[in-house]
Amino acid sequence: MKVGIPSEIFPNELRVAATPKTVKRLQKQGFEVYIQHNAGIKANFSDKEFEEAGAKIVATAADIYGKSDIVLKVKEPSMEEVDMMKEGLVTLSYLWPAQNQALLQKLADKKVNAIAMDAIPRISRAQKMDVLSSMANIAGYRAVIEGSYHFGRFLNGQITAAGKVEPAKVLVIGAGVAGLAAIGAANSLGAIVRAFDTRKEVAEQIASMGAQFLTVEIEEDGATSSGYSKEMSKEFIAAEMALFKAQAAEVDIIITTAQIPGRPAPKLILADHVAVMKPGSVIVDLAASSGGNCELTKNGEIYTTDNGVTIIGKLNQLPHQASQLYGNNLCHLLDDMGKADKWKIDMEDAVVSRAMVTYNGKINWPPAPLPVSPTAGGGAKKAPAPTAEEKKISEAAEVKKATASMFIRLGVVGVLLFLVGRYAPAEFIQHFTVFVLAVFVGWQLITNVAHSLHTPLMAVTNAISGIIVVGGLLQTTDDITNPMTILASVAILVASINIVGGFMVTYRMLNMFKK
């Protein structure tokens with residue numbers, strides 16, 4: 001099968017749908033790769049690099065659409081590009097199907113099977129194909145870099161001989177992939193970072209990235225099954241606006257990332273919010289292409305308001321790296337659909353069926369919702385919640401069962417101890433008592449230690465194991481049949497395993513903190 005990569009015709013699009021590395025990967029999957037002349041030049045990939053990777057260079061987009069069975073693109077095709085497509089062609093690109101019904105209809109009329117990479121469902125198996133997350137990660141990082149450039153001062157605080165520099169304060173609105181990337185970048189540069197999201201579940205993620213989670217007093221959660229936020233109530237929005245206005249007067253940089261699929265971006269930073277911001281402050285609006293989260297954002301422009309606030313409505317795409325990540329996403333999807341000799345469109349596949357927006361001359365949008373949990377009938381069904389009375393009965397039964405089990409275990413232990421005390425020598429009883437107490441104390445010590453202390457605890461257990469090794473060595477004799485020598489050897493072996501394993505775990509834990 002032949003895979004083609006045309007040049008992107010939108011003037012502001014710098015990315016390309018394949019790189020020399022992904023060309024090699026496509027060839028390993030069994031595909032023959034064609035790429036249009038200078039398709040990667042804006043992303044700093046030359047034709048020579050593509051040829052060395054094994055791709056064949058063709059002159060025009062018409063050649064790409066004429067030769068290829070599968071076409072990889074970044075932006076959605078224009079109507080003129082659709083005219084060049086042949087029946088049965090498979091295209092993979094951004095399509096924004098909810099906003100481009102006319103384009104979908106034309107693709108269906110041409111019987112082109114179009115996969116919208118922006119419609120990949122957000123499920124665990126599809127994470128490696130999720131182009132929105134890949135690009136959002138870059139956008140969040142770049143938002144901090146460009147915001148700090150236009151801010152024109154340090155983000156971190158410093159105390160020097162020349163004086164003290166206060167750290168900058170950064171507010172990130174929306175804690176999805178882009179928001180978390182922005183939080184991480186701003187925190188690493190030394191800024192004081194605050195973040196807001198309507199989804200309460202992200203509070204721990206925000207805190208783990210080193211930011212302060214901001215919220216309002218109204219108890220309302222914006223989480224949805226799709227992973228995006230839903231539209232909130234009027235009362236929540238009013239409280240949210242008041243919070244943003246108070247923060248706008250205090251922070252130096254605001255980064256907004258809030259978007260709702262298929263709808264204009266919600267307006268979160270209003271004109272009166274901008275009016276209270278300090279001169280020199282910066283707003284980076286990552287939702288500029290869908291209308292902007294700020295009322296004053298101009299898509300594709302960077303400008304300064306009358307009161308000295310810089311509003312950024314465009315970002316450098318980092319096209320070289322973005323093209324690599326996007327190309328990897330495409331390769332993962334093609335790989336999931338099969339090698340070139342066994343490649344097929346499986347409309348029973350949860351990912352393909354939801355991303356394939358036109359198929360065999362028909363529009364396949366919007367897709368069927370993903371089932372929450374499978375049942376015998378194939379639908380999604382939730383088990384009814386137990387009543388308060390049922391919960392009480394269940395808890396009482398569990399307590400009764402646990403109590404009976406404990407008494408049985410204590411009874412068995414009591415019988416064993418009685419037999420040992422009745423027939424064992426006095427010296428053995430003394431050593432056995434010490435052994436039982438040591439096991440009990442050790443068990444209580446280990447089971448009651450917090451997970452965060454397991455690594456220092458490993459060092460303590462290594463020291464104890466070392467003592468056991470020394471004691472075992474002192475107990476060994478030349479007689480390998482002596483029971484004491486056998487037991488000492490077993491103790492040495494087990495303690496040595498514990499020491500080696502402890503050092504390996506500690507070494508791996510320490511490596512996690514190395515850059």
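Residues numbered from 1 in each chain as written. Predicted model: local features only at pLDDT ≥ 70, side-chain atom pairs only at ≥ 80, totals over all residues. Heavy atoms only, no water.

Draft legend 1. Structural view of the pairing of strand β1 (residues 2–5). When β1 meets strand β2 (residues 32–36), the two strands line up parallel, connected through four bridges. For Val3, the partnering residue across the bridge sits in β2 and is Val33. The β-α-β motif built from β1, the intervening helix α1 (residues 20–28) and the parallel element β2 has right-handed crossover chirality. Pairing analysis gives two bridges linking β1 to strand β4 (residues 70–72), with the strands arranged parallel. In the sheet register, Val3 faces β4, and the bridge partner there is Ile70. (Pairing = 2+ DSSP bridges. Helix = DSSP H or I, 4+ residues; strand = E, 2+ residues; numbered from the N terminus. Right-handed = clockwise from strand over helix to strand, strands pointing away.)

Draft legend 2. Structural view of the pattern of salt bridges. Applying the stated criterion across every chain, the model contains 17 salt bridges. Measuring nitrogen to oxygen at the nearest pair gives 2.9 Å for the salt bridge that ties Glu250 to Arg194. Here Arg194 lies in strand β10 (residues 192–196) and Glu250 lies in the loop between α9 (234–248) and β12 (253–256), a separation of 56 residues in the sequence. Judged by relative accessible area, which is 33%, Glu250 ranks as partly exposed. (Salt bridge = Lys/Arg side-chain N within 4 Å of Asp/Glu carboxyl O. Buried < 20%, exposed > 50% of the residue type's maximum accessible area, 1.4 Å probe, protein only.)

Draft legend 3. Just unusual backbone geometry, in detail. Put simply, Trp365 and Pro366 share a cis peptide bond, and its omega is 0 degrees. In this structure, Trp96 takes a positive phi of about 45 degrees despite not being glycine. Summarising the element assignment, Trp96 is placed in the loop between β5 (90–93) and α5 (101–109). Even without a glycine there, the phi angle at Asn360 is positive, about 50 degrees. Within the secondary structure, Asn360 sits in the loop between β16 (356–359) and β17 (362–363).

Draft legend 4. Here's a closer look at the sheet that holds strand β14 (residues 302–304). Reading across the sheet, the seven strands line up as β11-β10-β9-β12-β13-β15-β14 and stay open at both edges, with mixed pairing between neighbours. Every interior strand has two partners, whereas the edge strands, β11 (212–214) and β14, have only one. The sheet shows a mean angle of 20 degrees between the axes of neighbouring strands, taken without regard to direction. Bridge analysis of β14 against strand β15 (residues 310–312) gives three bridges, and the strand direction is antiparallel. Along β15, the bridge assignment pairs Ile302 with Ile312. (Axes fitted to C-alpha atoms, helices over the stretch in contact; angles between N-to-C directions.)

Draft legend 5. View of the environment of Ile173. Here Ile173 lies in strand β9 (residues 169–173). Taking the C-alpha atoms as reference points, Ile173 and Ile254, 81 residues apart in sequence, are found 7.6 Å from one another. If we ignore the near neighbours within four places in the chain, the residues touching Ile173 are Phe196, Phe244, Ile254, Ile255, Thr256, Thr257, Ala258, Leu268 and Ile269. (Contact = heavy atoms within 4.5 Å.)

Draft legend 6. Local environment of the nonpolar core. The biggest cluster of nonpolar side chains holds 44 residues, and the ones touching the most others in it are Ile5, Ile70, Leu72, Leu92, Met117, Tyr326 and Leu333. No other element matches the six residues that helix α11 (residues 319–336) contributes to this core. Setting aside anything within four residues of it in sequence, one finds Tyr326 in contact with Ala17, Lys73, Val74, Leu92, Ser93, Tyr94, Met117, Val131 and Met135. Counting residues in hydrophobic clusters, the runner-up holds 27 residues, among them Leu155, Ala195, Val202 and Ala211. (Core = buried A, V, L, I, M, F, W, Y, C linked by side-chain atoms within 4.5 Å.)

Draft legend 7. Broad picture of the packing of helix α6 (residues 131–151) against α11. The N-to-C vectors of α6 and α11 enclose an angle of 165 degrees; their axes lie 9 Å apart at closest approach. Between α6 and α11, the angle falls in the class roughly antiparallel. Crossing of α6 against α11: the hand is right-handed. The residues of α11 that touch α6, namely those facing Val131, Ser134, Met135 and Ile138, are Gln321, Ala322, Leu325, Tyr326 and Asn329. Partitioned by chemical class, the residues of the contact of α6 with α11 number six nonpolar, three polar and no charged. (Parallel < 35°, antiparallel > 145°, perpendicular 65-115°, else oblique. Left-handed = near helix turned anticlockwise from the far one by under 90°. Nonpolar A, V, L, I, M, F, W, Y, C, P; charged D, E, K, R; others polar.)

Draft legend 8. The sheet that holds strand β6 (residues 113–116), seen in detail. The strand order β3-β2-β1-β4-β5-β6-β16-β17 describes an open sheet built from eight strands, whose pairing is mixed. Across the chains shown, the open sheet's two edge strands, defined by having one partner strand only, are β3 (56–58) and β17. Judged from the four bridges that link them, β5 and β6 form a sheet pairing that is parallel. Along β6, the bridge assignment pairs Val90 with Asn113. Across the sheet, α11 lies against β4, β5 and β6, angled at about 140 degrees from β5, the strand it touches most.

Draft legend 9. Just a nonpolar patch on the surface, in detail. Among the surface-exposed residues, Ile408, Val412, Val415, Leu416, Phe418, Leu419 and Tyr423 lie close enough to one another that they form a single nonpolar patch of about 770 Å² accessible area. Looking at where Val412 falls in the secondary structure, it is placed in helix α13 (residues 388–423). By relative accessible area, Val412 is classed as partly exposed at 47%. (Patch = residues over 30% accessible without salt bridge, like charges linked within 9 Å, V, L, I, M, F, W, Y side chains within 5 Å. Areas by Shrake-Rupley, 256 points an atom, 1.4 Å probe, with all protein chains shown as cover.)

Draft legend 10. Layout of the packing of α6 against helix α7 (residues 177–188). Taken N-terminus to C-terminus, the directions of α6 and α7 make an angle of 35 degrees; their axes are 7 Å apart at the nearest point. The way α6 lies across α7 gives a crossing that is right-handed. On α7, the residues touching Ser133, Ala136, Asn137, Gly140, Tyr141 and Val144 of α6 are Val177, Ala178, Ala181, Ala182, Ala185 and Ala186. Per-class residue counts for the contact of α6 with α7 are nine nonpolar, three polar and no charged.

Draft legend 11. Up close: the environment of Glu51. Mapped onto the secondary structure, Glu51 falls in helix α2 (residues 47–53). For Glu51 and Pro20, which are 31 residues apart along the polypeptide, the C-alpha to C-alpha distance reads 8.3 Å.

Draft legend 12. Examining the confidence of the model for the protein more closely. Overall, the prediction assigns the protein a mean pLDDT of 85, with 88% of residues at 70 or greater. Here residues 373–383 scores under 50 on pLDDT; set against residues more than four positions off or in separate chains, the count is eight contacts. (pLDDT = per-residue confidence, 0-100.)

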